[in-house]
Amino acid sequence: MKFTLRFFLALFLFSAVFSSCKKTIQKEVVEENYVAQNYTKKEVDIEMRDGVKLHTTIYSPKDASKEYPILMQRTPYSSRPYGEDEFRKQIGPNIHLMQEGNIIVYQDVRGRWMSEGKYDNMRAYIPNKSSNADVDESSDTYDTIEWLVNNVENNNGRVGVWGISYPGFYATYATVDAHPALKAASPQACIGDFFFDDFHHNGAYLLSYFRATSLFGTPRPNNDSPIDTAWYTLPDIGTEDQYQFFLDSGSLENLNSFFEYETADTPKIRPEGLTDDFFWNELKEHPNYDEVWQSKGLIQHLKNVKSHVATMVVGGWFDAEDLYGPLETYKNIEKYNEGNYNTMVFGPWDHGAWARRKGRNAVGNYYFGDSISEFFQKKIETKFFNHFLKGEGDGNTGLPEAYVFDSGSKEWAALDAWPPKQRTKKTFFLSENQELTEKHKGTSEIKFISDVKKPVPYSEDIKTVFTPRKYMTDDQRFAARRSDVLVFETEVMEEDFTLAGDILAKLNVATTGTAADWIVKVIDVHPDDVETNEEMQDHLKLSNYHLMVRSEVMRGRFRNSFSEPEPFQPNQKTAVNIKLQDVFHTIKKGHKLQIQIQSTWFPLIDLNPQTYVDNIFKAKEEDFKTQTHTVFTDSSIEFSVLE
């Protein structure tokens, strides 16, 4: 598709500026003891309104001749190292903000590490608080800021918050009913709702997060007393073959033993009604989007973001953990808070890679360019915080509404809206003979067998990891060659075709069973004459590389409601719509656009028994049955594309 003149000029000018800046950005070397040489460290326990004390670490510049803003991160992952003589090697969002001088604060959230209180995973927001007993992460942030601005020397009365992943959730939380001194917040890869982020995707349990469960659900020993060393351990599955381990394990119910903690040394301290690992029990006792998950979601409360807080939401197009969260956080702040300063930055990163400092930016096998993260840190993130914490603090930051990286053309674009105003909708239909066409060529049936004993792997390179990352850009040729993966693709593109925004798969399907998952993948098929980059695995080449641009699963039982699941009627044609998260990717001239459809994605998501049961976490061995699935060719994929 052709760009509008306005968009083309903006893209051209910005790309030229970025290319110029990129050449001058060097990876700055910081002495290992820089923080200790230039900052003093103090540890305090700040009392919240209900009397609970939260452990807080404060790094203040030794140069006390001027005032500094406060930059704070609240985290469940520890504010270590503990002890006022022990220093982090780097503090703050990036080295530039560290070197320029800011008061940097880290805090253990309620119930974690050295802070008092009970931990609640994704603690629910309490609107209209009526007493000091009504506490949540918003009130804890408010009380912390109140103490900091009144007790930390040489602060200028302005506070910013930032965080990546779970700390990003707390950064978003800080904007709701925010303290007047909070002027800037940057939620990055922020969790938005655990039924759509991290542990679930559209109701499907992400088995890849299995080993992370104990990180959030293991109670602290000694009656929940503060502790300065890790009290949890990740499950040891005893093999590097994660695929075979989970296949042999069968039902999720057979994994319960990994989360049973009754020992003489670790007394059970649990929320009422739960036993053992309280988060594992929460997962398995609440398989639907019920009041537990609904209350923990933060997205629906972003109507209450205060107008004095400027926000910059940051994410990665290839973030395997938190893609829903930052996109929905930005969109909902934008939707409900018209006068707020609210921007987004999305680059070619996996989870949190924008905060790492490396010359070459790649995700897995796929290389996107040099100095992209360094450019973000120096020219975008630092500029944002400095403007609102040290500068004028108005809306004239010089930054656009949206900095977005086109992962196909490998260029930044500065846009005045996201999704772009210049977009239009374009529909492609699935057709026989593996064709993806703009014209519907009639309705027929394409069948495949979904074998529960041979599920489709999410990658040809499965390892036992905390959570996989590289699969988001993996070559999908291995999947395209399986009989249980349907493939549809266009002819070779005669001109660039830019996907810019959401993707909606409108599937019409049937199954011989009563339950099924549906996975849709959007693929950029590269031509033969593409030069291979150094990140590529030895057995692969970029020639004919099937780059996964976006993918998503829909647990079929939730096709009409995430709260009220329902079975399929065997052999009955049924509509299943799947919303894929936004993309900004150009299928370049000479490439092809491909769609893959499958019903298993293992062990990224758990194995659907393909027989309807009320709770898949409690499915029995006899519930798991191989079924034949049908996709009808009146199914379509609706893209947002640039005009």
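So, how was this worked out
Residues numbered from 1 in each chain as written. Predicted model: local features only at pLDDT ≥ 70, side-chain atom pairs only at ≥ 80, totals over all residues. Heavy atoms only, no water. Helix = DSSP H or I, 4+ residues; strand = E, 2+ residues; numbered from the N terminus. Rg over C-alpha atoms; globule rule 2.2 N^0.38 Å. Buried < 20%, exposed > 50% of the residue type's maximum accessible area, 1.4 Å probe, protein only. Lys, Arg positive; Asp, Glu negative; His and termini not counted. Charge placed at Lys NZ, Arg CZ, Asp CG, Glu CD. Salt bridge = Lys/Arg side-chain N within 4 Å of Asp/Glu carboxyl O. Pairing = 2+ DSSP bridges. Axes fitted to C-alpha atoms, helices over the stretch in contact; angles between N-to-C directions. Contact = heavy atoms within 4.5 Å. Phe/Tyr/Trp six-rings, centres within 6.5 Å; stacked < 30°, edge-to-face > 60°. Polar contact = N/O pair within 3.5 Å; in protein donor to acceptor, adjacent residues only side chain to side chain. Expected span 1.5 Å × (residues − 1). Bend = angle between axes of the 7 residues up to and from the residue. Core = buried A, V, L, I, M, F, W, Y, C linked by side-chain atoms within 4.5 Å. pLDDT = per-residue confidence, 0-100.

1. So, the overall build of the protein
So, point 1. A tally of regular secondary structure across the protein gives 13 helices and 25 strands.
So, point 2. Taken over the C-alpha trace, the protein has a radius of gyration of 25 Å; the compact-globule value for 643 residues is 26 Å, and the two agree within 12%.
So, point 3. Structurally, the protein occupies a C-alpha span of about 75 × 65 × 45 Å along its principal axes.
So, point 4. Counting over 643 residues, the protein shows a buried share of 62%.
So, point 5. Of the charged side chains in the protein, 71 are positive and 96 negative, and the gap between their average positions amounts to 3 Å.

2. A look at the pattern of salt bridges
So, point 1. For the structure shown, the criterion picks out 36 salt bridges.
So, point 2. Where Asp 224 meets Lys 118, a salt bridge forms, and the shortest distance between an N and an O atom there is 4.0 Å. Of this pair, Asp 224 sits in helix H7 (residues 221-224) while Lys 118 sits in the loop between strand E4 (103-108) and helix H4 (137-151), and the two are 106 residues apart along the sequence.
So, point 3. Owing to a relative accessible area of 13%, Asp 224 belongs among the buried residues under this scheme.
So, point 4. A salt bridge links Glu 435 to Lys 441, with the shortest nitrogen-to-oxygen separation between them at 3.1 Å.
So, point 5. For Glu 435, a relative accessible area of 26% puts it in the partly exposed group.

3. Overview of the pairing of strand E14 (residues 411-415)
So, point 1. Note that strand E13 (residues 402-406) and E14 share 5 bridges and pair antiparallel. Bridge pairing in E14 places Phe 405 opposite Trp 412.
So, point 2. Linking E13 back to E14 in an antiparallel pair, the connection comprises 4 residues, with Lys 410 at a positive phi of about 60°.

4. Examining the sheet that holds strand E6 (residues 182-188)
So, point 1. Sheet architecture is open: 10 strands sit in the order E1-E2-E4-E3-E5-E6-E9-E10-E13-E14, paired in mixed fashion. The open sheet has two free edges, formed respectively by strand E1 (39-47) and E14, since each of these has just one partner strand. When strand polarity is set aside, the average angle formed by the axes of neighbouring strands in this sheet is 20°.
So, point 2. Alignment of strand E3 (residues 68-75) against strand E5 (residues 155-164), held across 4 bridges, turns out to be parallel. In the sheet register, Met 72 faces E5, and the bridge partner there is Val 161.
So, point 3. Sheet strands touched by helix H5 (residues 166-175): E3, E5, E6 and strand E9 (310-316). Its angle to E5, the strand with the most contacts, is close to 135°.
So, point 4. Running over the sheet, helix H12 (residues 372-389) touches E3, E5, E6, E9, strand E10 (342-347), E13 and E14 and is turned about 155° from E6.

5. Points about the packing of aromatic side chains
A ring pair, where both rings are aromatic, is described by two values, the distance of the centres and the angle of the planes.
So, point 1. Under the defined criterion, the tally for this structure stands at 62 aromatic pairs.
So, point 2. Between Phe 199 and Phe 279, the ring centres sit 4.8 Å apart and the planes meet at 85°, which makes this aromatic pair edge-to-face. You can see Phe 199 sitting in the loop between E6 and strand E7 (200-201) and its partner Phe 279 sitting in helix H9 (residues 278-285), a full 80 residues away along the chain.
So, point 3. A relative accessible area of 0% means that Phe 199 is categorised as buried.
So, point 4. Relative to Phe 246, the ring of Phe 245 has its centre 5.0 Å away and its plane inclined at 70°; by these criteria the two rings are edge-to-face. Across the pair, exposure class does not vary: Phe 245 and Phe 246 are buried alike.
So, point 5. By way of ring pairs, the aromatic residues Tyr 77, Tyr 125, Tyr 166, Phe 169, Tyr 170, Tyr 173, Phe 194, Phe 199, Tyr 209, Phe 216, Phe 279 and Trp 293 are connected into one cluster.

6. Re the side chain of Lys 41
So, point 1. Within the secondary structure layout, Lys 41 lies in strand E1.
So, point 2. Separated by 2.6 Å, the side chain of Lys 41 and the backbone oxygen of Pro 81 make a polar contact.
So, point 3. Here Glu 86 takes part through its backbone oxygen, which lies 2.4 Å from a polar atom of the side chain of Lys 41.
So, point 4. Not counting the four nearest positions on each side in its chain, Lys 41 is found in contact with Thr 57, Ile 58, Tyr 59, Pro 81, Tyr 82, Gly 83, Glu 84, Glu 86 and Phe 87.

7. What about the pairing of strand E15 (residues 423-431)?
So, point 1. Pairing between E15 and strand E25 (residues 636-642): 7 bridges, direction antiparallel. Counted as the bridge partner of Thr 424 is Val 641 from E25.
So, point 2. Two strands pair when backbone bridges link them, and E15 and strand E16 (residues 435-437) are joined in this way by 3 bridges, in the antiparallel orientation. The residue bridging Leu 430 from the neighbouring strand is Leu 436, located in E16.

8. Details of H5
So, point 1. With 10 of 10 residues buried, H5 lies mostly within the body of the structure.
So, point 2. Within the sequence span of H5, burial applies to Tyr 166, Pro 167, Gly 168, Phe 169, Tyr 170, Ala 171, Thr 172, Tyr 173, Ala 174 and Thr 175.
So, point 3. Positive backbone phi, at 55°, marks Asp 177, one or two positions downstream of H5.

9. Structural notes on H12
So, point 1. With 18 residues, H12 should reach 26 Å at 1.5 Å per residue; the first-to-last C-alpha distance of 24 Å fits that figure.
So, point 2. The largest bend in H12 comes to about 30°, at Thr 382.
So, point 3. Of all 18 residues making up H12, 14 are buried, and the element is well covered by its neighbours.

10. Quick notes on the nonpolar core
So, point 1. Counting 162 residues, the largest nonpolar core has Val 404, Trp 418, Trp 518, Ile 597 and Phe 639 as its most contacted members.
So, point 2. The biggest single contributor to this core is H12, with 8 residues.
So, point 3. Every residue in contact with Phe 639, bar those within four places of it in the chain, is listed here: Thr 424, Lys 425, Lys 426, Phe 428, Leu 499, Asp 502, Ile 503, Val 522, Leu 593 and Ile 595.

11. Re the environment of Ile 164
So, point 1. In this fold, Ile 164 is placed in strand E5.
So, point 2. Given the relative accessible area of 22%, Ile 164 is considered partly exposed.
So, point 3. The spatial distance from the C-alpha of Ile 164 to the C-alpha of Glu 47 is 25 Å, given a sequence separation of 117 residues.
So, point 4. If sequence neighbours within four positions are ignored, Ile 164 has contacts with Gln 188, Ala 189, Gly 352, Trp 354 and Ala 355.

12. Points about unusual backbone geometry
For residues other than glycine, phi is negative in most cases, and the peptide bonds are mostly trans.
So, point 1. Between Trp 418 and Pro 419 the backbone carries a cis peptide bond, its omega angle lying at -5°.
So, point 2. Relative to the assigned elements, Pro 419 resides in the loop between E14 and E15.
So, point 3. Of note, the bond from Phe 602 into Pro 603 is cis; its omega dihedral lies within 30 degrees of zero at -5°.
So, point 4. Here Pro 603 is to be found in the loop between strand E23 (592-598) and strand E24 (627-632).

13. So, the environment of Pro 468
So, point 1. If you trace the backbone, Pro 468 turns up in the loop between strand E17 (445-450) and helix H13 (477-480).
So, point 2. Between the alpha carbons of Pro 468 and Ser 371 there is a distance of 24 Å; along the sequence they are 97 residues apart.
So, point 3. Excluding residues that lie within four positions of it along the chain, Pro 468 makes contacts with Ser 208, Ala 320, Tyr 458 and Leu 604.

14. Structural notes on the confidence of the model for the protein
So, point 1. For the protein, per-residue confidence averages 92 on the pLDDT scale, and 93% of positions sit at 70 or higher.
So, point 2. Residue range residues 1-13 is modelled with pLDDT below 50. Its contacts to residues more than four positions away, or to other chains, number 27 contacts.
So, point 3. Ignoring residues within four places in sequence, the model shows residues 263-275, a span with pLDDT below 50, making 16 contacts including any to other chains.

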